[in-house]
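Take a look at the letters that make up each chain.
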Amino acid sequence: MINAKLNSAIILVRLVSGLIIMVYCFGHMINHSLGIISVESMDKFLEYFAIFWRAPGIYYLMPLSILLHALAALFTFLHRRSMRGLTKAEIIQFVLGLLLPLLLFMHISYGRVTYDMTGRLGYYSYFFDTIEKDNQFTFFFIFYSIMLAMVWVHGCLGLHRWLSLKPWYNRLWLFFYTLAIMPYITSMIGVAVGYREVVLRKFDSSWSNTIIEKTPWLDTAGLPMSSEQLKKISDDFVMPVAGRFILAFFLSVIIGVILRFIWLQIEKRRSNIEVSFSGGEKVNVSPGSTILEASRLAGISHAAICGGNGRCSTCRTRILTDPESLRPPASEESKVLHRISAAPNIRLACQVKLHQNIQVHPLLKQASPSDGHQRPTYADGEEVDVTLLFADLRGFTQMSNQRLPFDVVFILNQYFELMGEAIETSGGYLDKFIGDGIMAIFGMHSGSEIGAKQAIGAAIKMGQQLEVLNSRLEDELDRPLEIGIGLHRGNAIVGNMGYGDAMAVTAIGDTVNVASRLEGACKTLGVQLVVSEEVLQAASVEFPDVIQKDVEVRGSAKPISVFPVDNASTLKPVVVGV
Ligand code: FES
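Because the structure is predicted, anything quoted here is derived from the model rather than measured.

## Here we look at the overall build of the chain
What the chain contains, in helices and strands, is 16 helices and 15 strands. Long-range pairs, those at least 24 residues apart, make up 73% of the contacts in the chain with a sequence separation of at least 6. Taken as a whole, the chain presents about 30300 Å² of accessible surface, with 61% of it coming from carbon and sulfur.

## Considerations on the nonpolar core
Formed by 46 residues in total, the largest nonpolar core has its most connected members in L389, Y415, L481, L487 and F543. Not counting residues up to four positions away in its chain, the partners in contact with L487 are L388, L389, A455, I456, A459, L518, L529, V530, V531, S532 and V535. Listed in part, the 39 residues of the second largest apolar core include V39, Y126, L148 and I211.

## Some details on the packing of aromatic side chains
This model, assessed by the stated rule, comprises 19 aromatic pairs. Considering the side-chain rings of F45 and F49, the 6.2 Å spacing of their centres and the 25° angle between planes classify their relative orientation as stacked. Pair noted here: F45 and F49 are both in helix α2 (residues 39-53), with a separation of four residues, about one helical turn. Through pairs of rings, three or more aromatic residues link up here, namely Y124, F127, F128, F137, F139, F140, F141, F143 and Y195.

## Looking at helix α6 (residues 137-163)
Between its first and last C-alpha, α6 extends 37 Å over 27 residues, near the 39 Å set by a 1.5 Å rise per residue. For α6, every residue scored as buried is listed here: F137, Y144, S145, M147, L148, M150, V151, W152, H154, G155 and L163.

## Re the sheet that holds strand β4 (residues 346-348)
Strand order across the open sheet formed by five strands is β2-β1-β5-β3-β4, with mixed pairing between neighbours. Here the strands that pair on one side only, and so sit at the sheet edges, are β2 (282-285) and β4. The sheet shows a mean angle of 40° between the axes of neighbouring strands, direction not considered. With three bridges joining them, strand β3 (residues 316-319) and β4 adopt antiparallel strand pairing.

## Let's talk about the environment of R296
With respect to the helices and strands, the residue R296 is situated in helix α10 (residues 291-297). For the pair formed by R296 and V283, sequence separation is 13 residues and the distance between their alpha carbons is 9.8 Å.

## Let's talk about the state of the cysteines
Counted according to the given criterion, the structure contains zero disulfides. Between C25, a free cysteine, and C156, which holds the nearest cysteine sulfur, the sulfur-to-sulfur gap is 9.6 Å. Judged by its relative accessible area of 5%, C25 falls in the buried class.

## A closer look at the side chain of R394
Here R394 shows up in the loop between β6 (382-393) and α12 (396-401). Engagement of the side chain of R394 in a polar contact is seen with the backbone oxygen of E519, the distance being 3.0 Å. Those residues in contact with R394, other than ones at most four positions away along the chain, are E482, I483, G484, E519, C522 and K523.

## Notes on the pairing of strand β1 (residues 273-277)
Taken across its five residues, β1 has four buried, putting it largely inside the fold. Of the pairings in the sheet, the one linking β1 to β2 comprises four bridges and is antiparallel in character. If you follow V275 over to β2, its bridge partner there is V283. Between the end of β1 and the start of β2, which pair antiparallel, lie four residues, with G280 showing a positive phi angle near 100°. As judged from the three bridges shared by β1 and strand β5 (residues 358-362), these two strands associate in the parallel manner. Within the sheet, the bridge partner assigned to V275 lies in β5 and is I358.

## What about the confidence of the model for the chain?
With 90% of its residues at a pLDDT of at least 70, the chain reaches an overall mean of 83. The least confident element of the chain, judged by mean pLDDT, is helix α4 (residues 88-118) at 72; the most confident is strand β11 (residues 529-532) at 97. Note that pLDDT drops below 50 for residues 368-376; the model gives that stretch 25 contacts with residues more than four away or on any other chain.

## Quick notes on the environment of R120
Residue position: R120 is located in the loop between α4 and α5 (124-133). When its relative accessible area of 28% is taken as the criterion, R120 is described as partly exposed. Counting along the chain gives 97 residues from R120 to W217, while the straight-line C-alpha distance between them is 8.4 Å. Not counting residues within four places of it along the chain, the set of residues in contact with R120 comprises T114, Y115, E213, K214, T215, P216 and L218.

## Let's talk about the packing of helix α3 (residues 61-79) against helix α9 (residues 227-270)
The contact between α3 and α9 brings their axes to 9 Å, and the two run at 30°. In terms of their interaxial angle, α3 and α9 are classed as roughly parallel. Considering the relative orientation of α3 and α9, their crossing is right-handed. Taken together, the residues of α9 that come into contact with α3 (itself represented by L74, F77, L78 and H79) are G256, L259, R260 and W263.

## What about the side chain of H488?
One can find H488 in strand β9 (residues 483-497). In this structure the side chain of H488 is engaged in a polar contact, spanning 2.8 Å, whose partner is the side chain of S532. Filtering out sequence-adjacent residues up to four positions away, H488 remains in contact with V386, T387, L388, T511, V514, A515, L518, S532, E534 and V535.

## Details of α3
Here α3 spans 26 Å end to end across 19 residues, near enough to the 27 Å set by a 1.5 Å rise per residue. Of the positions making up α3, those classed as buried are M62, P63, S65, I66, H69, A72 and F77.

## Overview of a nonpolar patch on the surface
Residues I36, I37, W173, L174, Y177, I181, M182, I185, I189 and V193 make up a contiguous nonpolar surface patch of about 960 Å² in total accessible area. Among the secondary structure elements, I185 is positioned in helix α7 (residues 173-200).

## Here we look at the pairing of β3
The pairing of β3 with β5 spans three bridges and is classified as antiparallel. Paired with T317 across the two strands is P362, which belongs to β5.

## A look at the packing of α6 against α7
Two elements in contact, α6 and α7, have axes separated by 11 Å at closest approach and are oriented at 170°. It follows from the interaxial angle that α6 and α7 lie roughly antiparallel. For the crossing formed where α6 meets α7, the hand is right-handed. Across the interface between the two elements, F137, F141, Y144, S145, L148, A149, W152, C156 and L163 of α6 pack against F176, L179, A180, Y184, S187, M188, V191, A192 and Y195 of α7. Tallied by class, residues from the contact of α6 with α7 come to 16 nonpolar, two polar and no charged.

Rules used in this analysis
- Residues numbered from 1 in each chain as written.
- Predicted model: local features only at pLDDT ≥ 70, side-chain atom pairs only at ≥ 80, totals over all residues.
- Heavy atoms only, no water.
- Helix = DSSP H or I, 4+ residues; strand = E, 2+ residues; numbered from the N terminus.
- Contact = heavy atoms within 4.5 Å.
- Areas by Shrake-Rupley, 256 points an atom, 1.4 Å probe, with all protein chains shown as cover.
- Core = buried A, V, L, I, M, F, W, Y, C linked by side-chain atoms within 4.5 Å.
- Buried < 20%, exposed > 50% of the residue type's maximum accessible area, 1.4 Å probe, protein only.
- Phe/Tyr/Trp six-rings, centres within 6.5 Å; stacked < 30°, edge-to-face > 60°.
- Expected span 1.5 Å × (residues − 1).
- Pairing = 2+ DSSP bridges.
- Axes fitted to C-alpha atoms, helices over the stretch in contact; angles between N-to-C directions.
- Disulfide = S-S within 2.5 Å.
- Polar contact = N/O pair within 3.5 Å; in protein donor to acceptor, adjacent residues only side chain to side chain.
- pLDDT = per-residue confidence, 0-100.
- Parallel < 35°, antiparallel > 145°, perpendicular 65-115°, else oblique.
- Left-handed = near helix turned anticlockwise from the far one by under 90°.
- Patch = residues over 30% accessible without salt bridge, like charges linked within 9 Å, V, L, I, M, F, W, Y side chains within 5 Å.
- Salt bridge = Lys/Arg side-chain N within 4 Å of Asp/Glu carboxyl O.
- Nonpolar A, V, L, I, M, F, W, Y, C, P; charged D, E, K, R; others polar.

Encoded structure:
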């Protein structure tokens, strides 16, 4: 428990310190971008920037954030039992993260040393003038571009991993991509344009006076120091500090690697718990390891989009031995399991600590963070036990013939938005919109029981959303909108199908055809929802007061047993045997 709390605290420290560093970098990039306007505006902004970051209480915030961020990253590195299972983005972020403290301290120390020793800012005009005289612009420009790119890419990857779990993130991707790329590009342009301005104005006498006014390093006579004097200050003060810091940095990295090696050896000796996977793989782990760590050690592809922090639910795993033998889920895990309506034998692999042998079946394979929202891969196709939902607006074609195209699109978009929301919040995958029809798949990853429950839940929500839509459009419609929904469960081929940009995950097979025909049967039966018996069986629920019927379905050798429901919004399923 203490471990879990410590882990959450470390994650929070990493997040907050990372955000502070990103805010600092963002301000820095805005400052550099102002070079596109003029070097004076760069200097002016720097004054405001310095007022904020050098205010009492904030002065040490940035160095402290870098230190805490590095320590939190070091803790995560030492704490992780296996480096297997890291995605490419995580590896890039990790390597960049290792170099960042070094680069950031070196860069920040220039401004801080100047300010602490002279009480004056290192203005851009002065800095550009100095590197122009020393002919060092190319070196600084390349160094600065690489350093900023490393810091910014590291931060953006971290933010992306954090935000990709937010439901609204995918909708705002264009905004976030622009925010990630544009400041970097404009800051590079700003530095180049600002430098060029200083070069062009160097023969202007009034400009030379400005440079003298802005020079932080003055000699005893109050004149700008010569290159030799500056070099002496650098040799006497800056370089020894920088040298000690670089040494301390590399020593910390070496000590970290040695500590990790020793810890791994101790862990290996203590590994007396056997974890068996449904595919036949076996691995031994030490007591207290999680199932996710065991998967990584065994080299099993196991999804963990939130990085093992108990937030995303993608590491969900079926426990094949007695689930009662495990410690019950803590409150955070319980909340996530409840959210996905997990069966009692489903647990979050990142949260279950092992103390005895166990057999498990990870439910989701590893995917990139952006695949977190209902975007499964199934590149090669798989036969999966799923529940299919088909829905259609009744009489809408006729209604649309009497309306302006704008009206039709307006009503349809509202309908799709509400129905799509009902399906996605219930855990379904929105396969496609066909005209005014909808096809959705449930249980691709969560299994047939959860999928069937989610599909029934989605149908109820769709009925409720339709009532919301009808009251919203009361003044616009001659009569309320009506829908028909069909649900059927069984094996279907699920795969990534299509061509070029039109590739998408979809399902084909008899189950799909029957579900579609049950939606059509709503019309003949005069009801809003038709659910096949297979769905109820898988979900282990029954519909009291709903009379079972057999319906003939084209293409099916025998009649299908179904439950026709007049109004989905008022349906109250009851768990069998309760
Ligand atoms: S990895 Fe996200 S909940 Fe376990």
